[in-house]
Amino acid sequence: MPRIDISETIKLIDFPDKIWEWLDLLGDVVAASQAEAIYQDKRFIADTPFKKILLCTINKDLSILNTIYFILRCEMIHQASSHVRLFCESLITLKYISLDPNTRSGLFWGYADIEAYEITSAILDWEKYKAKEVHVRRVEALFKTFKEKYKVANPVYSFVDKKKRKRRFINWCNKNIANQASECGPEFKRLYELVYKQMSSYIHGSAWSLRRQISYSRAHYNSDIILNDIATIVRTTLVIWVEWAKFCISTLGWRLHDTILNLPIRLDELDEKHFPQK
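Definitions and limits used
- Residues numbered from 1 in each chain as written.
- Predicted model: local features only at pLDDT ≥ 70, side-chain atom pairs only at ≥ 80, totals over all residues.
- Heavy atoms only, no water.
- Salt bridge = Lys/Arg side-chain N within 4 Å of Asp/Glu carboxyl O.
- Helix = DSSP H or I, 4+ residues; strand = E, 2+ residues; numbered from the N terminus.
- Buried < 20%, exposed > 50% of the residue type's maximum accessible area, 1.4 Å probe, protein only.
- Core = buried A, V, L, I, M, F, W, Y, C linked by side-chain atoms within 4.5 Å.
- Contact = heavy atoms within 4.5 Å.
- Patch = residues over 30% accessible without salt bridge, like charges linked within 9 Å, V, L, I, M, F, W, Y side chains within 5 Å.
- Areas by Shrake-Rupley, 256 points an atom, 1.4 Å probe, with all protein chains shown as cover.
- Axes fitted to C-alpha atoms, helices over the stretch in contact; angles between N-to-C directions.
- Parallel < 35°, antiparallel > 145°, perpendicular 65-115°, else oblique.
- Left-handed = near helix turned anticlockwise from the far one by under 90°.
- Nonpolar A, V, L, I, M, F, W, Y, C, P; charged D, E, K, R; others polar.
- Disulfide = S-S within 2.5 Å.
- Phe/Tyr/Trp six-rings, centres within 6.5 Å; stacked < 30°, edge-to-face > 60°.
- Expected span 1.5 Å × (residues − 1).
- Bend = angle between axes of the 7 residues up to and from the residue.

### Focus: the pattern of salt bridges
Any two side chains of opposite charge can pair if their charged atoms end up close together. Within the structure shown, the criterion is met by 18 salt bridges. The residue Glu-183 makes a salt bridge to Arg-104 at a minimum N-O spacing of 3.8 Å. Taken together, the residues Glu-183 in helix 8 (residues 177-183) and Arg-104 in helix 5 (residues 101-110) connect sequence positions 79 residues apart. By relative accessible area, Glu-183 is classed as partly exposed at 38%. Here Lys-246 makes a salt bridge to Glu-243, at a shortest N to O gap of 3.6 Å. On the criterion of helical spacing, the pair formed by Lys-246 and Glu-243 is a turn pair, its members being three residues apart in helix 10 (residues 223-252). The exposure class assigned to Glu-243 is buried, which follows from its relative accessible area of 13%.

### Observations concerning the nonpolar core
Residues Leu-72, Ile-230, Trp-241 and Trp-244 are the most contacted members of the largest nonpolar core, which totals 75 residues. Among the elements that make up this core, the one with the highest residue count is helix 10 (17 residues). With residues up to four places along the chain from it excluded, the contact list for Leu-72 reads Phe-15, Leu-23, Leu-26, Ile-77, Ala-80, Ile-230, Ile-233 and Val-234.

### A word on a nonpolar patch on the surface
The grouping of Ile-4, Ile-6 and Phe-70 at the surface amounts to a nonpolar patch, some 330 Å² of accessible area in total. Checked against the element boundaries, Phe-70 lands in helix 3 (residues 49-73). Residue classification places Phe-70 among the partly exposed positions, given a relative accessible area of 39%.

### Some details on the packing of helix 2 (residues 17-41) against helix 10
As a packed pair, helix 2 and helix 10 sit with axes 9 Å apart at the nearest point and diverge in direction by 20°. By the criterion of interaxial angle, the relationship of helix 2 to helix 10 is roughly parallel. Crossing geometry of helix 2 relative to helix 10 is assigned as left-handed. Considered class by class, the residues forming the contact of helix 2 with helix 10 number 15 nonpolar, four polar and three charged.

### Focus: unusual backbone geometry
The phi dihedral of Glu-75 is positive, around 65°, even though this residue is not glycine. One can find Glu-75 in the loop between helix 3 and helix 4 (77-98).

### Quick word on the state of the cysteines
One pass over the full model with this rule turns up zero disulfides. Cys-184 forms no disulfide, and the closest cysteine sulfur to it belongs to Cys-173, at a distance of 9.8 Å. A relative accessible area of 12% places Cys-184 in the buried class. The thiol of Cys-248 is unpaired, and the distance to the nearest cysteine sulfur, on Cys-56, comes to 14 Å.

### A look at the packing of aromatic side chains
As enumerated under the stated definition, the model contains 13 aromatic pairs in all. For the ring pair Phe-108 and Trp-172, a centre distance of 5.6 Å and an interplane angle of 80° mean the geometry is edge-to-face. Placement of Phe-108 in helix 5 and of Trp-172 in the loop between strand 2 (166-168) and helix 8 is noted, with a sequence separation of 64 residues between them. Accessibility expressed as a relative area gives 7% for Trp-172, which makes it buried. Ring pairs connect the aromatic residues Tyr-96, Phe-108, Trp-109 and Trp-172, which therefore count as one cluster.

### Points about the packing of helix 3 against helix 5
Their axes nearest at 8 Å, the elements helix 3 and helix 5 cross at an angle of 65°. Crossing of helix 3 against helix 5: the hand is left-handed. Packed against helix 3, whose contacting residues are Pro-49, Phe-50, Lys-52, Ile-53 and Cys-56, the element helix 5 presents Pro-101, Ser-105, Phe-108 and Trp-109 at the interface. Residues belonging to the contact of helix 3 with helix 5 are distributed by class as follows: seven nonpolar, one polar and one charged.

### Quick word on helix 11 (residues 257-274)
Owing to its 3.6 residues per turn, the α-helix aligns residues three or four sequence positions apart on the same side. Taking 1.5 Å per residue as the helical rise, helix 11 with its 18 residues ought to reach 26 Å, and the 27 Å between its terminal C-alpha atoms agrees with that figure. Of all bends in helix 11, the biggest is about 30°, found at Leu-263, and the proline Pro-264 comes one to four residues later. Buried within helix 11 are the following residues: Ile-260, Leu-263, Leu-267, Leu-270 and His-274. Contacts made by the buried residues of helix 11 are with helix 2 and helix 10.

Here is the structure:
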C-alpha cells in the first residue's frame, strides 16, 4: 500500500497572500524561539528538579509552537486550537511551579508514580481479557512495581475533606488550571480566560465551533472565513507566546526582547490591512 506523501499533501493546500502574512508572522516567532533555544541549550545544565522541569517543558512548548504553525499550514483549525490551549496550560503550570520551585518541583515529579499506577491499572483491566497471556504477565509484573511506589506516594497526594473523608488530589497540586492561573497573578488569570473562552469550544466540538465549517469544504470554500480563523489563532498564540517569552527572559535570560517589541507593530499593520475599522 502506498504511503501518504506529507510534503505533496501540504503543497496542495495553498493560501492567498493575506493568509500567508499571518502565517509568516507566526513562523517568524517560532523561528526566533527555536534559534534562541538552540543558543541557550549549550549553556543550560538541568542539575536540579526545577531546572529539569524547565528543560523538559520548554522543549515541549517549542514543539507545540511548531505544531500550531504546521497544522495551521494544513488548514486544521480545530486541531490548532487544541494545541493553543495546550500551550497556555503548559505556561500556567510552569509559572505556578516557579513561584515555589523547590516544593512544587518535588510534588510535580512525584506524581508520576500515581499516574504510572493508574495508567497501568487501566491497561491491565483491558489487556487481561483481550491480550495473549504472555503480554498480560508482563503488564502484571510492571503493575506490581508501580503499585509499591503508589503506596508510598498516595499519602502525599491525599487529604481529608470537611466531612472527614479521605480524598485523592485531582492532580499533582490539587488545583485546576484556573486556580493555578489565579495564583500566578492577574496577567495569567486574564490569559486563562481569553484562551479558554475562545479555544475550548473547538476542543469540545460545540455548535459554535462548527458554525463556519462549511466554508472549509470544497464546494463552499471561503478564504475570508479562513483568514479570520487563522488570524484569530495566530493572535491568541502570540498573546500566550509573549508571556512565555517574558518568563524565559526573566528566568533563563533569553534574548527575545526585540521580537516581543516588534510584535505589536506587525499585528497592528496586519489588522489595519485585513480588518480595517469601518
